[in-house]
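An overview of the molecular structure
Letter by letter, the chains look like this.
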Amino acid sequence: MRLKVENVTVKIESREILRDVTLEVEKGEIVALLGPNGSGKSTLLRTIFGILKPVKGVVFFDGKRIEKIEEISKIAAYLPQESSDTNLTVLDVVLLGRTPHLSGFKLPKNRDLEIAKRALEEVGMAEFAERKFSELSGGEKQKVLLARVFAQQPKLMLLDEPTAHLDISAQIDIMEIVRRKVGSGCSALVAMHDINLASMFSDKIIMVKNGKVVYAGEAEEVLTEESIKDVYGADVRIKKVGRSVYVIPKTRGERNGRRVHIICGGGSGRDLIYMLSEEGYSVSAGVLNVLDSDWEAVIDVDGEFVEEAPFSPISDEAHEKNLKFIEKADVVVLSNLVVGKGNLKNLVAAKKAAELGKLIVIEKTRFELRNFFGKEAEEIYEEIVRKARVVRSEREALYEIRKVLDRGGHANSRR
Ligand SMILES: Nc1ncnc2c1ncn2[C@@H]1O[C@H](COP(=O)(O)OP(=O)(O)OP(=O)(O)O)[C@@H](O)[C@H]1O
């Protein structure tokens, strides 16, 4: 079914909750409704379902204006955000979905029972039919409530946060069930909080803010750093993988403001930069040559950095700046970098970090194989490893960093 909401304004107790809302859901589409708490998502779904009456504007179902809830519920089903517990069996809860199709006070017939059973099968809950609804887990209840929606045989589903409070695998289960149903010709407008789940499962995204539609379109065009900042006031990074868009919160200083500085270069710090950033640490790196892949990585995670011109040796100025970062950091990591004339100062900086008792060294390959400077570098390195914690991989380094920072200390245990 095609849904069209045209210039709808809704007031509750003389307050405008929805303002001039216009949107469309095409036949066979899942449209995600995103927006912060209190932005009007539930109000919009309730208005479409006829529970609330707009003071202005019209809702069209397949081009027809239908206003009575009894009529709407024959073609559209609404799953509210909160459902009360009941002593009914699972099958009886699902049978309630048949109510709009029963005339007067008539009891469900065999055909209704068949439809309810089929709906339970569709959500993979057939064997729960005789169980008490109140005894099910949150995820199981949600599937049963979806089965109730399916039993209504709707052409349009209005789902208010169907995945709320569920673990990630249950969330995906529910959204896959919804997608299968939509695949069989129904349409869905789904209020959601998880932007990534919305991007993964919807054909279109509508973002609401203060009762207004502010962005609408495909995930790729709608989900931008700017739109999310505008709607949620949150700083995020956007990653595009295939057709999907992933939103990653920017984590500068989030993990108790813990700072990790990485002395790296030539791609030797790249993996750790991403790993630490995903963990929520505030990452900085230096000294890096502009255009180096570590330089690109630290910019990508929105970290701070000390840079030097491309292919140029580290200047005194950059070195001093690097030392300042080292002082500010809670943990410093020396990556498995190659040392030459241009970046010997990075080794000197690492020595300073070791003396401060906050250095972790990643040694994947023996230093002599990476040392193109000679004896002096070797001596500095030997001094460094005497005072630092030495690990063999990024994963091990991450483990050490967690250990050190989560207990609030320094990385000064010896190897
Ligand atoms: N029955 C009501 N009486 C008074 N105010 C209401 C009522 N229902 C909703 N509101 C107000 O309307 C605004 C929008 O609420 P709504 O529940 O539609 O938002 P939402 O986007 O669904 O939020 P959430 O994500 O928290 O569920 C809120 O400010 C809310 O307080």
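Residues numbered from 1 in each chain as written. Predicted model: local features only at pLDDT ≥ 70, side-chain atom pairs only at ≥ 80, totals over all residues. Heavy atoms only, no water.

Brief notes about the packing of aromatic side chains
Applying the stated criterion to the full structure yields 3 aromatic pairs. With centroids separated by 5.4 Å and ring planes inclined at 35 degrees, the aromatic side chains of Phe49 and Tyr78 adopt a geometry described as tilted. A residue pair is termed long-range when its members are at least 10 positions apart, and Phe49 in the loop between α1 (41–48) and β4 (56–61) and Tyr78 in strand β6 (residues 76–79) qualify at 29 residues. Given a relative accessible area of 10%, Phe49 falls into the buried group. Taking the centre distance of 6.5 Å and the plane angle of 80 degrees together, the rings of Trp295 and Phe305 count as edge-to-face. Residue Trp295 is found in helix α11 (residues 293–300), and its partner Phe305 is found in strand β15 (residues 304–308); the two are separated by 10 residues along the sequence. (Phe/Tyr/Trp six-rings, centres within 6.5 Å; stacked < 30°, edge-to-face > 60°. Helix = DSSP H or I, 4+ residues; strand = E, 2+ residues; numbered from the N terminus. Buried < 20%, exposed > 50% of the residue type's maximum accessible area, 1.4 Å probe, protein only.)

A short note on the side chain of Asn336
On the secondary structure map, Asn336 appears in the loop between β16 (331–334) and α13 (344–355). With a relative accessible area of 16%, Asn336 lands in the buried category. For Asn336, the side chain forms a polar contact with the side chain of Thr365, separated by 3.0 Å. In terms of polar contacts, Asn336 uses its side chain to reach the side chain of Arg370, at 3.1 Å. The residues contacting Asn336, other than those within four sequence positions of it, are Ser268, Ile362, Glu363, Lys364, Thr365 and Arg370. (Polar contact = N/O pair within 3.5 Å; in protein donor to acceptor, adjacent residues only side chain to side chain. Contact = heavy atoms within 4.5 Å.)

A short note on the domain arrangement of the protein chain
What the domain assignment lists for the protein chain is domain 1 (3–236) and domain 2 (259–406). Domain 1 and domain 2 are separated by 50 Å when their C-alpha centres are compared. (Domains from an automatic or database assignment.)

Some points on the sheet that holds strand β10 (residues 212–217)
Backbone-to-backbone hydrogen bonds join strands into a sheet, with any given pair of strands oriented parallel or antiparallel. The sheet built from 6 strands is open, its strands ordered β6-β7-β8-β3-β9-β10 with mixed pairing. Both outer strands of the open sheet, β6 and β10, are each paired with one neighbouring strand and no more. The mean inter-strand angle of the sheet, taken between neighbouring strand axes irrespective of direction, is 15 degrees. Pairing of strand β9 (residues 204–209) with β10, which is carried by 5 bridges, proceeds in the antiparallel orientation. By the bridge assignment, Val208 is partnered in β10 with Val213. Docked against the sheet, helix α9 (residues 225–232) engages β3 (30–34), β9 and β10, running at close to 40 degrees with respect to β9. (Pairing = 2+ DSSP bridges. Axes fitted to C-alpha atoms, helices over the stretch in contact; angles between N-to-C directions.)

As for unusual backbone geometry
With an omega of -15 degrees, the peptide bond between Gly286 and Val287 qualifies as cis. Backbone geometry at Asp62 places phi at a positive 50 degrees, although glycine is not the residue there. Tracing the chain through its elements places Asp62 in the loop between β4 and β5 (64–65). Given the relative accessible area of 44%, Asp62 is considered partly exposed. For Phe311, which is not glycine, the phi dihedral falls at a positive 60 degrees. Position of Phe311 relative to the elements: it lies in the loop between β15 and α12 (316–328). By relative accessible area, which is 84% here, Phe311 ends up exposed.

Re the nonpolar core
Among the nonpolar cores identified, the biggest contains 54 residues, and Leu120, Met157, Val178, Ile205 and Leu223 are the most heavily contacted of them. Counting residues per element, this core draws most heavily on helix α5 (residues 138–151), at 7 residues. By size, the runner-up hydrophobic cluster in this structure holds 28 residues, among which are Val21, Ile48, Leu52 and Ile72. (Core = buried A, V, L, I, M, F, W, Y, C linked by side-chain atoms within 4.5 Å.)

Description of the packing of α13 against helix α14 (residues 375–387)
When two helices pack together, their arrangement is captured by the angle between the axes and the distance separating the axes. Across the interface, α13 lies against α14 with an axial gap of 9 Å and an inter-helix angle of 25 degrees. Classified by the angle between their axes, α13 and α14 sit roughly parallel to one another. With respect to the hand of their crossing, α13 and α14 are arranged in left-handed fashion. Note on element contacts: α14 touches α13 through Glu376, Ala377, Ile380, Tyr381, Glu383, Ile384 and Lys387, opposite Leu344, Leu347, Val348, Ala350, Lys351, Ala354 and Glu355. Residue classes in the contact of α13 with α14 are distributed as 9 nonpolar, no polar and 5 charged. (Parallel < 35°, antiparallel > 145°, perpendicular 65-115°, else oblique. Left-handed = near helix turned anticlockwise from the far one by under 90°. Nonpolar A, V, L, I, M, F, W, Y, C, P; charged D, E, K, R; others polar.)

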